[in-house]
Amino acid sequence: MSVVLLWVVSPKQNASSLLGLMPRICTPRRSKFCPKLGFSSRVLAYSGAVVNPARSSEEKVYEVVLKQAALVEEQSTVKRKSLDLDERIVTEGLDNWDLLDKAYDRCGEVCAEYAKTFYLGTLLMTPERRRAVWAIYVWCRRTDELVDGPNASYITPKALDRWEKRLTDLFEGRPYDMYDAALSDTVTKYPVDIQPFRDMVEGMRLDLRKSRYQNFDELYLYCYYVAGTVGLMSVPVMGICPESRASTESVYNAALALGIANQLTNILRDVGEDARRGRVYLPQDELAQAGLSDDDIFRGKVTDKWQSFMKGQIQRARMFFDEAEKGVSELNSASRWPVWASLLLYRQILDVIEANGYDNFTKRAYVGKAKKFVSLPVAYGRAIIGPSKLTKQLVPR
């Protein structure tokens, strides 16, 4: 199951081009170059059975949210030193500004190639934020390619362990290559914690060993690992609007909700594709309650039971999108457009699944170019409206 990368819509799949992005997993070397969740009770009601009622996946994830929020609030009181163009790069192993500049440019080229809509939106950000977002995007994409790319069949748990060790090294200022160097520099400038990155690697481990999820609690944790983490990585870079009255914690909750919504949408869109790989990313207990089983999915026949089941799954995904909307407007004004564009476009995939008669076995739901074109100015219109005004204008769905 492909990860949602920085809320990107329909990344271009080009295996030959991606080979150049594939990381070499080996020993890094120096380079030159518990409170209640903030979601609404409607969303929490869909969490399904939990393995440990005293500590659900949502509660575990919320601990990470609190830590991220605390880092941002700490930065607001103790301003970190920023790099000037004439300053020496402080990241260990990097002493040439031109090389680091080139590393960021390469990340931008990758983003432009595989996430065109999102890339255009990042051009509205300040140069420093734009480059940082590119660096995060590339790391997420490379991580995803380990288990979903052309060399996925050769990836082992030990390879992911080495990739995680390499992640630790780049956070400590020891990047392996140019792409690592860009992220290594980024994490020195923004209050980005390593935990969401580690959690994404854990999501890749799940893809190697797990192809069924017993309930939504298990699926929620998987969605957090492979997609919700991206929001937690990105908010410190995108920034929160100075005029926002929302708590930092609530903005992170919304970013998390958007990642969950996007990944749930991916799952519903790719049911047939995943089934052909022997994977079922739908809650087993909910399938059973609907009178369905894996065999029904493998047969790929749209029945009344399947349509009824899908309606409930789509409703849950939309609830997470609703939660996400509350936080996007709280982001820094220059960062809102790419996120709004992604949210609106991804949400339309659910509409297409419905229009296809809930046939996600043989029909792939995608948003056509015309609809994308129409959505972009709508997203821009929402992006330029301040937080408090937008909250009043948004109509519940």
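By convention here, each chain's residues receive numbers from 1 onward along its written sequence. Per-residue local features of the predicted model are confined to residues with pLDDT of at least 70, and side-chain atom pairs are confined, for both listing and counting, to 80 or more; whole-chain, interface and lining totals are unaffected and use all residues. Derived side-chain values reflect all non-hydrogen atoms in the structure, with water molecules and hydrogen atoms excluded from consideration.

Per an unreviewed UniProt entry, the protein chain goes by 15-cis-phytoene synthase and derives from Eriobotrya japonica. Word for word, the UniProt comment on the protein chain under Catalytic activity (unreviewed entry) is "2 (2E,6E,10E)-geranylgeranyl diphosphate = 15-cis-phytoene + 2 diphosphate". UniProt positions are given in the numbering used here, feature names are shortened, and annotations may be inferred rather than shown by experiment. Within the UniProt record for the protein chain, the comment given under Sequence similarities (unreviewed entry) is "Belongs to the phytoene/squalene synthase family."

A. Highlighting the packing of helix α9 (residues 195–209) against helix α10 (residues 216–238). Note on method: axes are straight lines fitted to C-alpha atoms, helices fitted across the in-contact stretch only, with angles between N-to-C directions ranging 0 to 180 degrees. Counting from the N terminus, the helices are DSSP H or I runs at least four residues long and the strands are E runs at least two residues long. Following both chains from N to C, one finds α9 and α10 inclined at 155°, their axes separated by 8 Å at the closest point. Judged on the interaxial angle alone, α10 and α9 are roughly antiparallel. α9 and α10 meet at a crossing whose hand is left-handed. For the pair α9 and α10, contact is made by P196, F197, D199, M200, E202, G203, M204, L206 and D207 and by Y222, Y224, Y225, V226, T229, V230, L232 and M233, respectively. Gly falls in the polar group here, along with every residue not listed as nonpolar (Ala, Val, Leu, Ile, Met, Phe, Trp, Tyr, Cys, Pro) or charged (Asp, Glu, Lys, Arg). The residue inventory of the contact of α9 with α10, partitioned by class, reads twelve nonpolar, two polar and three charged. Oblique is the label for any angle not under 35 degrees, not over 145, and not in the 65 to 115 range, which are roughly parallel, roughly antiparallel and roughly perpendicular in turn. Handedness of a helix crossing follows the sense of rotation of the near helix relative to the far helix, less than a right angle counterclockwise being left-handed and clockwise being right-handed. A contact between two residues is defined here by any heavy atoms of the two lying within 4.5 Å.

B. Up close: helix α11 (residues 248–269). Between the first and last residue of a helix there are one fewer steps than residues, each counted as 1.5 Å, and that sum is the expected span. For α11, built from 22 residues, the straight-helix expectation of 32 Å at 1.5 Å per residue is met to within 8% by its first-to-last C-alpha distance of 32 Å. Relative accessibility decides the category of a residue: with a 1.4 Å probe and only protein chains considered, values under 20% of the type maximum give buried, values over 50% give exposed, and everything between is partly exposed. Counting buried positions over the 22 residues of α11 gives 20, a clear majority of the element.

C. Summary view of the packing of aromatic side chains. In this scheme Phe, Tyr and Trp rings, the latter by its six-membered ring, pair at centre separations within 6.5 Å, and the angle between planes marks the pair as stacked below 30 degrees, edge-to-face above 60, and tilted otherwise. Under the counting rule described, the total for this entry stands at 14 aromatic pairs. With 5.3 Å between their ring centres and 70° between their planes, F171 and F197 make a pair best called edge-to-face. Of this pair, F171 sits in helix α7 (residues 157–171) while F197 sits in helix α9; the two residues are 26 residues apart in sequence, bridging distant segments of the chain. For F197, a relative accessible area of 0% translates into the label buried. Geometrically, the ring pair formed by W306 and F309 is tilted, given 5.6 Å between the ring centres and 35° between the ring planes. Within this pair, W306 and its partner F309 are both found in helix α15 (residues 304–328), separated by three residues, close to a single helical turn. Residue class for W306 comes out buried when judged on its relative accessible area of 2%. With a relative accessible area of 6%, F309 lands in the buried category. Linked through ring pairs, W139, W163, F171 and F197 together constitute an aromatic cluster.

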